[in-house]
Structures are given as structure tokens and as C-alpha cells.
Amino acid sequence: MDAPHTPCPVPERPSAPPPVSRARALAAPVLTLAGTVAAFTYVGTVDPNRPGHYPVCPLLRLTGILCPGCGGLRSAHAFAHGDLATALGDNAVAVLGYFLFAAFLALWLVRAARGGPPPRITLKPVYWWGVGAVVLTFAVVRNLPFGSALAP
């Protein structure tokens, strides 16, 4: 005898996630903004040009080679004081990062306020390799005699 036929259960379609409240959607970008403002306020108040407040870059201390981040705190200090020329001189890549982060955060805040999805950074691998190549080139050139203008 054949076994009785039992129908296969039909999988349920996943329902859409429940709508998120506006306050909950704004929480993450607003807290990120608050943390960023707090960090820039601290670095703007506690001068990294005076020794003893921040640790020295371990790569610089051990080898004398400037890493891509060297001068970043001094750059943030100058940026917090509105001195863009000094900030660029201390670490131009960091200043570019400040502006890119500000644009991303602004987009995130606008989308959250309108009830949209958070922005995603979706770059093809070739672009990530390009970013890495630019940062590596910056790190190498700032350590060479002709690139001393890029050193802090």
C-alpha cells in the first residue's frame, strides 16, 4: 500500500518589517553626529600640538616613518578652529575624510527624517583598490624629500 499523501507545506512569504518610528530612525544618525561633535570638541579643546595629551604614532616612534594618519589629530584640531589651510597641511587625506563623512552623515540624517532607508556605501572592489592606492601613495610620498609639503 501506498503511504497517504500529505501536501507539502507552502512557505509563508516574509512580511514587510513593521515601520520604524521617526525617533527610532533618527537615533543612530543623531547619536553618531553627537559623538562626532564631542570628539571634535575634545580635540579642538585639548591641543595635540602640546606633548603629553595624546599617544605618539607607534609606526613613527619605532621607525620614523609617517603613516597615512600621522597629523590627523593636529588636522582635526585646526579644522575645529576653522583653519582649513593648516588642517590640509597637517593631513590632507584626513580633511578629505572629514568632508566625505559630513556628506554621508547629512544624507543619513535627511533619509532618516524622511523615513527612508539609511545610505549604503556600495563601491565596486576596483574603487576600493583605488582608494587604497591613493592612501598608500600619500603615505609614501609624504615620507620622501620632494613630498615634505604633505608631512605634518
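Since the model is a prediction, treat every value here as computed from it, not as a measurement.

### What to know about helix α3 (residues 72-80)
An α-helix turns once per 3.6 residues; consequently, residues spaced three or four apart project the same way. Taken together, the buried positions of α3 are occupied by Gly72, Ser75, Ala76, His77 and Ala78. Close packing links the buried residues of α3 with α1 (22-45), α4 (84-90) and α5 (92-114). Phi for Gly82, located one or two positions after α3, is positive at around 80°.

### Considering the nonpolar core
Judged by nonpolar contacts, Val43, Ala76, Ala78, Ala87, Ala94, Val95 and Tyr98 together constitute the single largest core of seven residues. Put simply, the parts of the chain that give this core at least two residues each are α3 and α5. The element contributing the most residues to this core is α5, with three residues. Apart from residues no more than four positions distant in its own chain, Ala87 is found in contact with Ser75, Ala78, Phe79, Ala92 and Val95.

### Remarks on the packing of α1 against α3
Packed helices, taken two at a time, are described by the angle their axes make and the gap between the axes. Orientation of α1 relative to α3, taken along the N-to-C sense of each, is 95°, at an axis distance of 8 Å. On the basis of the axis angle, α1 is roughly perpendicular to α3. Along the contact surface, α1 presents Phe40, Val43 and Gly44, while α3 presents Leu73, Ala76, His77, Phe79 and Ala80. Taken together, the residues of the contact of α1 with α3 sort by class into six nonpolar, two polar and no charged.

### Considering the packing of aromatic side chains
In the structure shown here, the tally under the stated rule is six aromatic pairs. For the ring pair Phe40 and Tyr98, a centre distance of 5.2 Å and an interplane angle of 85° mean the geometry is edge-to-face. Placement of Phe40 in helix α1 and of Tyr98 in helix α5 is noted, with a sequence separation of 58 residues between them. By relative accessible area, Phe40 is classed as partly exposed at 24%. Judged by its relative accessible area of 17%, Tyr98 is buried. For the pair Phe79 and Phe99, a centre-to-centre distance of 5.5 Å together with 80° between the ring planes defines the contact as edge-to-face. Highlighted residues: Phe79 in helix α3 and Phe99 in helix α5, separated in sequence by 20 residues. The exposure class assigned to Phe79 is partly exposed, which follows from its relative accessible area of 26%.

About the thresholds
- Residues numbered from 1 in each chain as written.
- Predicted model: local features only at pLDDT ≥ 70, side-chain atom pairs only at ≥ 80, totals over all residues.
- Heavy atoms only, no water.
- Buried < 20%, exposed > 50% of the residue type's maximum accessible area, 1.4 Å probe, protein only.
- Helix = DSSP H or I, 4+ residues; strand = E, 2+ residues; numbered from the N terminus.
- Contact = heavy atoms within 4.5 Å.
- Core = buried A, V, L, I, M, F, W, Y, C linked by side-chain atoms within 4.5 Å.
- Axes fitted to C-alpha atoms, helices over the stretch in contact; angles between N-to-C directions.
- Parallel < 35°, antiparallel > 145°, perpendicular 65-115°, else oblique.
- Nonpolar A, V, L, I, M, F, W, Y, C, P; charged D, E, K, R; others polar.
- Phe/Tyr/Trp six-rings, centres within 6.5 Å; stacked < 30°, edge-to-face > 60°.

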